[in-house]
Amino acid sequence: MVKAPAKINLSLDVLGKRPDGFHEVEMVMTTVDLADRIELEIVRDGSIYILSHDRFVPGDHRNLAYKAADLLQRRFKVKEGVAITIHKQIPVAAGLAGGSSDAAATLRGLNRLWSLNLTMDELAEIGSEIGSDVSFCVYGGTALATGRGEIIQELPCPPKCWVILAKPSIGVSTADVYRNLKTDRIEHPNTKAMVQAIHNQDFKAMCANLGNALEAVTLNMHPEVAHIKDQMERFGADAVLMSGSGPTVFGIVEYESKVQRVYNGLRGFCDQVFAVRLLGGRNPLA
Ligand SMILES: C[C@@](CO)(OP(=O)(O)O)[C@H](O)COP(=O)(O)OP(=O)(O)OC[C@H]1O[C@@H](n2ccc(N)nc2=O)[C@H](O)[C@@H]1O
Ligand SMILES: Nc1ncnc2c1ncn2[C@@H]1O[C@H](COP(=O)(O)OP(=O)(O)O)[C@@H](O)[C@H]1O
């Protein structure tokens, strides 16, 4: 069994559009203890299967975990196949990188199951071919991600806190959000200040520097996301931001005594609400 934790973006800046159609980004990302569980079982005849009870999870080659297995199998000429069972906990198309994390966990798990002996760096490099967030998800922990998201620099754990995640019942396409972004009208978050806040273990500075260049775009497409942000603030979260391309909103809370109030308050507006902790360090090389 391999754990595939969700991520949140503490800051997300877009520096411009690249000739390859992707955007140049600067993101501070960190994993939280909301995780899918991935089970991997060898299939002798070389087939790859995806099994999941979640109706939003693709059961074929479109699944990012399938892509991860297929890529490894072809590249290293592996004769065996694999049955991949995904126990989904992370909401789908939520801005929490659930699919990317499933792909990364599959890479880590198959590295062991198929005895490939690849390093984390090699797995992250392979992961970047599947999606921009997969490299980060291979390592987990906390990192500054640049390029299109695949260049990873490890950061220390952020100051201890609780995170309340609230996902409205709409799905957001990452490609649509980037397409609707006007790169000349971005309010840029201060990435350096966020990195500094983490190095200094400064909770207040971390809160003050939360920022996401994609937030205005998604808020404009889905006003209910702004409503959830307002409610989070009203119920007492210390700082609030949308994660990735959304629509999940996260609230940061320093003291446990406040967590229940924010959680209960949001339950009235959202079906999917989670109170989680930040995960400490990097994922183990499974
Ligand atoms: C916005 C972020 C923030 O962490 O996450 P999510 O909201 O998806 O979780 C990421 O940048 C998303 O990463 P990921 O979901 O892996 O994206 P990909 O599959 O590589 O790309 C999906 C589409 O988004 C656009 N895209 C993605 C990354 C990037 N740096 N520039 C882009 O323009 C491209 O149009 C691409 O076709
Ligand atoms: N293992 C997977 N889990 C969830 N979604 C997946 C998976 N593989 C492919 N997808 C597809 O990827 C899209 C984005 O899903 P996800 O990774 O959950 O969101 P996000 O990119 O917003 O973080 C979904 O629309 C879904 O169809």
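Per an unreviewed UniProt entry, the protein goes by 4-diphosphocytidyl-2-C-methyl-D-erythritol kinase and derives from Jeotgalibacillus campisalis. Turning to the protein, the UniProt record has this under Pathway (unreviewed entry): "Isoprenoid biosynthesis; isopentenyl diphosphate biosynthesis via DXP pathway; isopentenyl diphosphate from 1-deoxy-D-xylulose 5-phosphate: step 3/6." Under Catalytic activity (unreviewed entry), UniProt gives the following word-for-word description of the protein: "4-CDP-2-C-methyl-D-erythritol + ATP = 4-CDP-2-C-methyl-D-erythritol 2-phosphate + ADP + H(+)".

Asks: What exactly am I supposed to notice about the UniProt feature "binding site: ATP" (unreviewed entry) in the protein here?
Replies: Taken from the UniProt record, the annotation "binding site: ATP" (unreviewed entry) applies to Pro91, Val92, Ala93, Ala94, Gly95, Leu96, Ala97, Gly98, Gly99, Ser100 and Ser101. Note that Gly95 resides in the loop between strand 4 (81-87) and helix 2 (98-113). With sequence-adjacent residues up to four places away left out, Gly95 is seen in contact with Lys7, Asn9, Ser243, Gly244, Ser245 and Gly246. Mapped onto the fold, Ser101 is located in helix 2. By relative accessible area, Ser101 is classed as buried at 2%. The residues touching Ser101, leaving out its near neighbours within four places in the chain, are Ala4, Pro5 and Cys137.

Asks: Could you clarify how one ought to interpret the packing of aromatic side chains in this entry?
Replies: When we look at a pair of aromatic rings, we describe it by the centre distance and by the angle of the planes. Counting across every chain of the model gives 0 aromatic pairs. When the ring centre of Phe22 is taken as reference, the NZ or CZ atom of Arg148 above it lies at 5.1 Å. Residue placement shows Arg234 over the ring face of Phe235; its charged tip is 4.8 Å from the ring centre.

Asks: Which parts of the structure should I look at to understand the site of ligand 1?
Replies: The full set close to ligand 1 counts 23 residues, and His23, Ser132, Thr174, Tyr178 and Ser245 are the nearest of them. At a separation of 3.1 Å, an oxygen atom of ligand 1 approaches a polar side-chain atom of Lys7. Contact between ligand 1 and Ser132: an oxygen atom at 2.6 Å from a side-chain N or O atom of the residue. Its free accessible area being 700 Å², ligand 1 has 81% of it covered by the protein chains.

Asks: Got a minute to help me understand the side chain of His222 in this structure?
Replies: Inspection of the secondary structure puts His222 in the loop between helix 8 (215-221) and helix 9 (223-234). His222 gets classed as buried once you look at its relative accessible area, which sits at 16%.

Asks: Sorry if this is basic, but what is going on with the packing of helix 9 against helix 10 (residues 256-267) here?
Replies: Packing of helix 9 against helix 10 leaves a shortest axis separation of 9 Å and a crossing angle of 145°. Between helix 9 and helix 10 lies a crossing whose hand is right-handed. Taken together, the residues of helix 10 that come into contact with helix 9 (itself represented by Ile228, Gln231, Met232 and Arg234) are Arg261, Val262 and Leu266.

Asks: I would appreciate a short explanation of the site of ligand 2 in the present structure.
Replies: Taken together, 17 residues lie around ligand 2, and Leu64, Gly95, Ala97, Gly99 and Asp102 are the ones closest in. Within the side chain of Asn63, a nitrogen or oxygen atom sits 3.0 Å from a nitrogen atom of ligand 2. Within the backbone of Ala93, one N or O atom sits 2.9 Å away from an oxygen atom of ligand 2. Look at ligand 2: alone it shows 540 Å² of surface, and the protein chains cover 78% of it.

Cut-offs used in this document
- Residues numbered from 1 in each chain as written.
- Chains lettered and ligands numbered in written order.
- Predicted model: local features only at pLDDT ≥ 70, side-chain atom pairs only at ≥ 80, totals over all residues.
- Heavy atoms only, no water.
- UniProt positions renumbered as here; feature names shortened; annotations may be inferred.
- Helix = DSSP H or I, 4+ residues; strand = E, 2+ residues; numbered from the N terminus.
- Contact = heavy atoms within 4.5 Å.
- Buried < 20%, exposed > 50% of the residue type's maximum accessible area, 1.4 Å probe, protein only.
- Phe/Tyr/Trp six-rings, centres within 6.5 Å; stacked < 30°, edge-to-face > 60°.
- Lys NZ or Arg CZ within 6 Å of the ring centre and 35° of its normal.
- Near = heavy atom within 4 Å.
- Polar contact = N/O pair within 3.5 Å; in protein donor to acceptor, adjacent residues only side chain to side chain.
- Areas by Shrake-Rupley, 256 points an atom, 1.4 Å probe, with all protein chains shown as cover.
- Axes fitted to C-alpha atoms, helices over the stretch in contact; angles between N-to-C directions.
- Left-handed = near helix turned anticlockwise from the far one by under 90°.

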